[in-house]
Amino acid sequence: MIRPPQIVNTLVETVSEKLGREAIFRKINNREGYFILDLAFSYFQKADRNKRNDYRSGYLYIANGDKQRLLFALAHTPVMSSFFKKNFDYERFRAIVEDTAKYRDENILRFSRKGVREEIRTPDLGVFLAKLDSIETSGFSKSVFSKSKIGKTGVGNIFGLCIASGCDDEGLVEAVRESWDLFLWLYPTRPVFKRNASLNKNMQRIQSRCEILRVRALPKFILETPCAGQVEGAHILPHKYGGSDKLQNGVWLCNTHHRLTEGRLAGSRGVDWFEVEYTG
Ligand SMILES: [Zn+2]
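Note that the structure is predicted; figures quoted are calculated from it, not measured.

Participant: Looking at this structure, how should I read the coordination of the zinc ion?
Facilitator: Six octahedral donors around a metal ideally subtend angles of 90 or 180 degrees, whereas four tetrahedral donors ideally subtend 109.5 degrees. Coordination of the zinc ion by the protein is provided by Cys 210 (SG), Cys 227 (SG), Cys 254 (SG) and His 257 (ND1), with metal-donor distances spanning 2.0 to 2.4 Å. Geometry at the zinc ion is tetrahedral, judged from the four donor atoms that bind it and their angles of 96 to 116° at the metal. Every donor residue of the zinc ion comes from the same chain, spaced as C-x16-C-x26-C-x2-H. With Cys 210 in the loop between helix H10 (197-202) and helix H11 (220-223) and His 257 in helix H12 (residues 255-261), this residue pair connects regions lying 47 residues apart in the sequence. By relative accessible area, His 257 is classed as buried at 1%.

Structure follows, in structure tokens:
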């Protein structure tokens, strides 16, 4: 029986909250390290003919003595790397590195380039960003997620960005929230989140759980449809009809309830009040 430290459970809860369904953890063999990931990733990886079971992608928590570290990592996983590469946006990536800097005492990026492992490591954020920018001059994702020279297997290819280190548990949780786009880039389709990125961002003050049951005048068929899919920010008045991306025009809905109510809501809300109804 694996008994993870409490912070690992907290991180699993945070990721579950963002996903709108249960996340899981997997302990790394022979190490105080835990991957926090979506069970669905193992299905994506079945597309990989190599049938390895030690590849991992997602958040990686590592305890080293008193110091705890949170990384976003992809290890030996060609299928997931190809999804990530497809979704990767350098400007967004750079912004995440900057936004999460307050949660760490050291900046680290480990990656493979042409089959050779490299590491950038510095406490200085400016130096770190300059090194990332210099990789970007020849195309960041092309350089970092190149086809491995080691062969088709992708074994040996790693990508690990330190998101937080030397901070308290609360910092680790915040670092997950602020780097969430990286996690979404692990999915094979363009996340709905991307389209609604601005609304999602403005709604961060509200816990991202499906709020469907707060909506008034719902028809029976919606009430009887269980939540499914990722929780996402939904516009009350759709964007195409001039609806804003402000918190007042947003509701957290699971993907299923989002689709069932799209363009059929009216009203507005605040952080602690909610006046939204279904208009049919
Ligand atoms: Zn729902």
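Participant: Explain the nonpolar core to me, please; I cannot follow it from the model alone.
Facilitator: The nonpolar side chains of soluble globular proteins are, as a tendency, buried together. Counting residues in hydrophobic clusters, the biggest one holds 60 residues, and the most contacted among them are Phe 72, Phe 84, Phe 93, Leu 132, Phe 140, Phe 159 and Phe 183. For Phe 140, the contacting residues outside a window of four places in its chain are Phe 88, Tyr 90, Phe 93, Leu 109, Leu 132, Ile 135 and Phe 159.

Participant: Explain the sheet that holds strand E1 (residues 24-27) here, please?
Facilitator: Strand pairs in the sheet, formed through backbone hydrogen bonds, run parallel or antiparallel to each other. Taken in spatial order, the seven strands line up as E1-E2-E3-E4-E7-E5-E6 in an open sheet, and their pairing is antiparallel. Sheet topology places E1 and strand E6 (116-122) at the edges, where each strand pairs with a single neighbour. Between one strand and the next, the sheet's axes are offset by a mean angle of 20°, whatever the strand orientation. Sheet analysis places strand E5 (residues 107-113) next to E6, joined by seven bridges and oriented antiparallel. What sits directly across from Asn 107, in E6, is Thr 122.

Participant: In this structure, what is going on with unusual backbone geometry? I would like to understand it.
Facilitator: Excluding glycine, most residues fall at negative phi; most peptide bonds, likewise, are trans. Even without a glycine there, the phi angle at Ala 217 is positive, about 60°. Tracing the backbone shows Ala 217 in the loop between H10 and H11.

Participant: What exactly am I supposed to notice about the environment of Phe 145 here?
Facilitator: Among the structural elements, Phe 145 can be located in the loop between helix H6 (140-144) and strand E7 (158-165). Separated by 61 residues in the primary sequence, Phe 145 and Phe 84 place their C-alpha atoms 8.8 Å from one another. Every residue in contact with Phe 145, bar those within four places of it in the chain, is listed here: Leu 74, Ser 81, Phe 84, Lys 85 and Phe 159.

Cut-off values and rules
- Residues numbered from 1 in each chain as written.
- Predicted model: local features only at pLDDT ≥ 70, side-chain atom pairs only at ≥ 80, totals over all residues.
- Heavy atoms only, no water.
- Donors = N, O, S within 2.8 Å, 3.2 Å for Na, K, Ca; no water.
- Tetrahedral: all angles 85-135°; square planar, octahedral: opposite > 155°, others 65-115°.
- Helix = DSSP H or I, 4+ residues; strand = E, 2+ residues; numbered from the N terminus.
- Buried < 20%, exposed > 50% of the residue type's maximum accessible area, 1.4 Å probe, protein only.
- Core = buried A, V, L, I, M, F, W, Y, C linked by side-chain atoms within 4.5 Å.
- Contact = heavy atoms within 4.5 Å.
- Pairing = 2+ DSSP bridges.
- Axes fitted to C-alpha atoms, helices over the stretch in contact; angles between N-to-C directions.

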